[in-house]
Amino acid sequence: MGSQALFTAPLQERQPLASRLLLAAAERGALANAYLFTGPSRSDKWELALQLAAALNCTRESSTLSTGRSSCVSQACPPEQCCVNCRWIANGEHPQAWHLLKREPDKTKIAVEKARLLCEEILKSSAYFRVIVVTEAEQSVFHDASANALLKSIEEPGARCLFVLFAGHADMVLPTIVSRCQVLEVSGAYPTGFLWNDDDASEEARQALETHRRQFIREFPSVVESAITLKAGSIKYVLESRSIAERLAKLTEEYGLSPAMVIDAYVSADFECLKVPACDHGGARRYLNRLLSVAETAKQELDHYVKLNNVVETFAYSVAELRSHFSGELRLAISS
Ligand SMILES: [Zn+2]
């Protein structure tokens, strides 16, 4: 994953799902024209939007969004080495490329005039890729008129515009707006990160891990099929998750790999299979998000005291349950 540098490494670690899905979309030239970032972490939403704006406008020679290469911001260049666009965007004050729509601090709602002006402004052509950030997209901050103006802009955006809306939860946003956005959950941070290939493991161990990961990737479609037919709690279901647990435990024992790394490698196989379909399928995104939480819980248990075998067994069982729960949506996502 070394070349994937649309976002800074710390942000990728904290937001493995959102950063990977945005990167996958950018690489295919298939960014949505409006995203709704949900979840608790305001600062990570801001960072994602900001770094996306930098990548869309960076003028460094080697930076092109289509190949997922980095911007000055994602490479954490010191300000004096950044291109002008990145320097402005990093400060959140690029007059053309970075637009904020928010209420005044002493007001409960966004001023209608402000929404109208912005929506007119972005209809004009521009040399820049405009990122329009609505830091509170909850229904409560909109008068009908400003909601309608925004809605119309999202529906018929000017050229080179990207809307990024923030909200705690999609339920708090007008359904008409939600339906025009791609909803992306920006989670609370994953404290241990997601770094299956970043460890002091020996070359041999890494290769073994990669071989297994490839195998997990190949097996994924049949795993989804069997999740559809197997009843959660049935004997076969338990046996199947136990066999996954055994494979994971064996990998750590035979090659001296850290269990956290093995768990992440397993999770990354599902990411690999779903990163493109998840751009269009909310069910696949929700599955990946829950999968990350399950992995995070397992890694925290390992940090505490729990025995390896118990942890991987619980982990494998939780993953099997998740797949069973989302099986219909996963099948739809990978078959499209
Ligand atoms: Zn730049």
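Residue positions are given per chain, counting from 1 as you read along its sequence in written order. Whole-chain, interface and lining totals are the exception, using all residues; otherwise, since this is a predicted model, local features are given only for residues with pLDDT of at least 70 and side-chain atom pairs are given and counted only at 80 or more.

(A) A look at the overall build of the chain. We count a stretch as a helix when DSSP gives it H or I for four or more residues in a row; a strand needs E for two or more, and each element gets its number in order from the N terminus. Looking only at helices and strands, the chain has twelve helices and five strands in total. Its C-alpha atoms put the chain at 60 × 45 × 35 Å along the principal axes. Expressed as a percentage of the 336 residues in the chain, the buried residues total 44%. Throughout, a residue-residue contact means that the two C-beta atoms, derived from backbone geometry, are no farther apart than 7 Å. Within the chain, counting contacts between residues at least 6 apart in sequence, those at least 24 apart form 78% of the total. The burial criterion counts other C-beta atoms lying within 10 Å of a residue's C-beta, which is placed from the backbone; the residue is buried at 20 or more, exposed at 12 or fewer, and partly exposed between these limits.

(B) Highlighting the packing of helix H9 (residues 235-255) against helix H10 (residues 259-274). The angle between two axes is taken between their N-to-C directions and runs from 0 to 180 degrees, where each axis is a line fitted to C-alpha atoms and a helix contributes only its stretch in contact. Where H9 contacts H10, the axes come no closer than 9 Å and their chain directions differ by 135 degrees. Classified by the angle their axes make, H9 and H10 are oblique. Handedness of the crossing formed by H9 with H10: right-handed. Residue-level inspection shows Leu248, Leu251 and Thr252 of H9 in contact with H10, the latter providing Pro259, Val262, Ile263 and Tyr266. Polar here means any residue outside two lists: the nonpolar Ala, Val, Leu, Ile, Met, Phe, Trp, Tyr, Cys and Pro, and the charged Asp, Glu, Lys and Arg; Gly therefore counts as polar. When grouped by side-chain class, the residues that make up the contact of H9 with H10 number six nonpolar, one polar and no charged. Under this scheme an angle from 65 to 115 degrees is roughly perpendicular, one under 35 degrees roughly parallel, and one over 145 degrees roughly antiparallel; angles in between are oblique. Each helix crossing is assigned a hand: it is left-handed if the near helix lies turned anticlockwise from the far helix by less than a right angle, otherwise right-handed if that turn is clockwise.

(C) View of the domain arrangement of the chain. Looking at the assigned domains, one finds that the chain contains domain 1 (9-185) and domain 2 (203-335). Residue-level contacts link ten residues of domain 1 with ten residues of domain 2. Secondary structure elements with two or more residues in the side of domain 1 that touches domain 2: helix H2 (16-27) and strand S5 (182-185). Ranked by the residues each element gives to the side of domain 1 that touches domain 2, the list is headed by H2, at six residues. Across the side of domain 1 that touches domain 2, the residue classes tally to eight nonpolar, no polar and two charged. Bear in mind that the domain bounds are from an automatic or database domain assignment.

(D) View of H10. Here a helix's expected span is defined as the number of its residues, less one, multiplied by 1.5 Å. Between its first and last C-alpha, H10 extends 23 Å over 16 residues, near the 22 Å set by a 1.5 Å rise per residue. Where burial is concerned, most of H10 is hidden: 15 out of the 16 residues are buried.

(E) Broad picture of the pairing of strand S4 (residues 161-167). In terms of burial, S4 is a largely internal element, six of the seven residues being buried. Here five bridges tie strand S1 (residues 34-38) to S4, and the two strands are oriented parallel to one another. When the sheet's bridge partners are listed, Leu36 is paired in S4 with Leu165. Note that strand S3 (residues 130-134) and S4 share five bridges and pair parallel. By the bridge assignment, Arg130 is partnered in S4 with Cys161. Crossover handedness is defined here as right-handed if the route from the first strand over the helix to the second strand goes clockwise, with the strands pointing away from the viewer. What joins S3 to S4 is helix H6 (residues 144-155), and the crossover it makes is right-handed. Strand pairing requires that DSSP identify at least two bridges connecting the strands.

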